[in-house]
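# Structural features, examined
Chain by chain, the residues run as shown.
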Amino acid sequence: MARLNAWRWGVLGLTGLYFLVPLAASVVFTVDVPGQGITFDAYTQIFSTSGFVSSLLLSLELALATIAVVLLLMVPAMVALRLGAPRLRPVVEVVCSLPLVVPPIAFVAGIGTVLKWGPDHLSRTPLFETFVAIQNPDFPFVLVLAYVVMALPFVYRALDAGLRAVDVRTLVEAARSCGAGWPQALVRAVLPNLRGALLNASFLTLALVLGEFTVAQLLGFRPFAVWIVNVSGSQAQLSVAVSVLSLLVTWVLLLVLAGFGGRTRTDSRG
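Now for a quick tour of the structure.

## Quick word on the overall build of the chain
For the chain, the helix and strand inventory stands at 13 helices and 2 strands. Across its three principal directions, the C-alpha atoms of the chain cover 75 × 75 × 30 Å. Burial status across the chain gives 34% buried among its 270 residues. In the chain, the proportion of contacts linking residues at least 24 apart, taken out of those at least 6 apart, comes to 76%. Here the chain displays about 16,200 Å² of accessible surface, and carbon together with sulfur accounts for 68% of that area.

And the structure:
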């Protein structure tokens, strides 16, 4: 038993070093300026740098919209699948897992082909305005649609794990027997018991949107991840400082989510 614990702590220590050493090297790179010594100018300049606030706000807006769309799409579908068609679960699982095997380059190439095809063939139809609207640089909704597809594997896994831990059929039947309609049964009986799964799905989607680069760059938009790469060409220390800061913020959000989820489970047991 002692040997097993030693191996466990050894593996955990090596894993911690694997993540912490690059992070520490990044922090040293941002604060150790040759000829100047230790300085925190890279961090103090972040908020005043052109494009930082606008790109970060754009990414947060895209993340919120993606979370809303993917949850509105997947939660009713997963509940209906569990109640009415459990045999279709393998099919839905395969469909939701496809974004993991499709390269982002191929994915964005298909999106770009559709966006170029639309204006040429639909210029005299009302759909032309739709193609223009979803490519608005102030809020490119086409990125939301792309991120929804990319988030499907993670959201599916999170919701599936949550639904497996809940007797959905009993909850819905109890709500229906009390006179609730299907929407009320879903909102008042099922969703409160899926709070942890919804939080997990939301956090994974948020992390995906904040870190996604390929699709946004190739489609010509400039959210936060693209801004970091563009800044790195002229201000390397600043871009690394922003990356370190965004990583720390992501970790804080993860800890808050874990703490909130743990408190939710404790309250439900009490």
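## A word on the nonpolar core
Counting 53 residues, the largest nonpolar core has Met-74 and Leu-219 as the members making the most contacts within it. When residues of this core are traced back to their parent elements, those giving at least two are α3 (52-84), α5 (104-121), α7 (141-164), α8 (168-177), α9 (182-190), α10 (195-211) and α11 (214-219). When residues in this core are grouped by element, the largest group, 14 residues, is from α7. Those residues in contact with Met-74 that sit more than four places away from it in its chain are Cys-96, Leu-152, Val-155, Tyr-156 and Leu-159.

## Examining the pattern of salt bridges
Per the counting criterion, the structure on display carries 4 salt bridges. Residue Asp-160 pairs with Arg-89 through a salt bridge whose shortest N-O separation is 2.9 Å. Taken together, the positions of Asp-160 in helix α7 and Arg-89 in helix α4 (residues 89-101) put the pair 71 residues apart, joining distant regions of the chain. Residue Asp-160 is classed as buried on the basis of its relative accessible area of 7%. Linked through salt bridges whose partners overlap, the residues forming this network are Arg-89, Glu-93, Arg-157, Asp-160 and Arg-164.

The rules behind each value
- Residues numbered from 1 in each chain as written.
- Predicted model: local features only at pLDDT ≥ 70, side-chain atom pairs only at ≥ 80, totals over all residues.
- Heavy atoms only, no water.
- Helix = DSSP H or I, 4+ residues; strand = E, 2+ residues; numbered from the N terminus.
- Buried < 20%, exposed > 50% of the residue type's maximum accessible area, 1.4 Å probe, protein only.
- Contact = heavy atoms within 4.5 Å.
- Areas by Shrake-Rupley, 256 points an atom, 1.4 Å probe, with all protein chains shown as cover.
- Core = buried A, V, L, I, M, F, W, Y, C linked by side-chain atoms within 4.5 Å.
- Salt bridge = Lys/Arg side-chain N within 4 Å of Asp/Glu carboxyl O.

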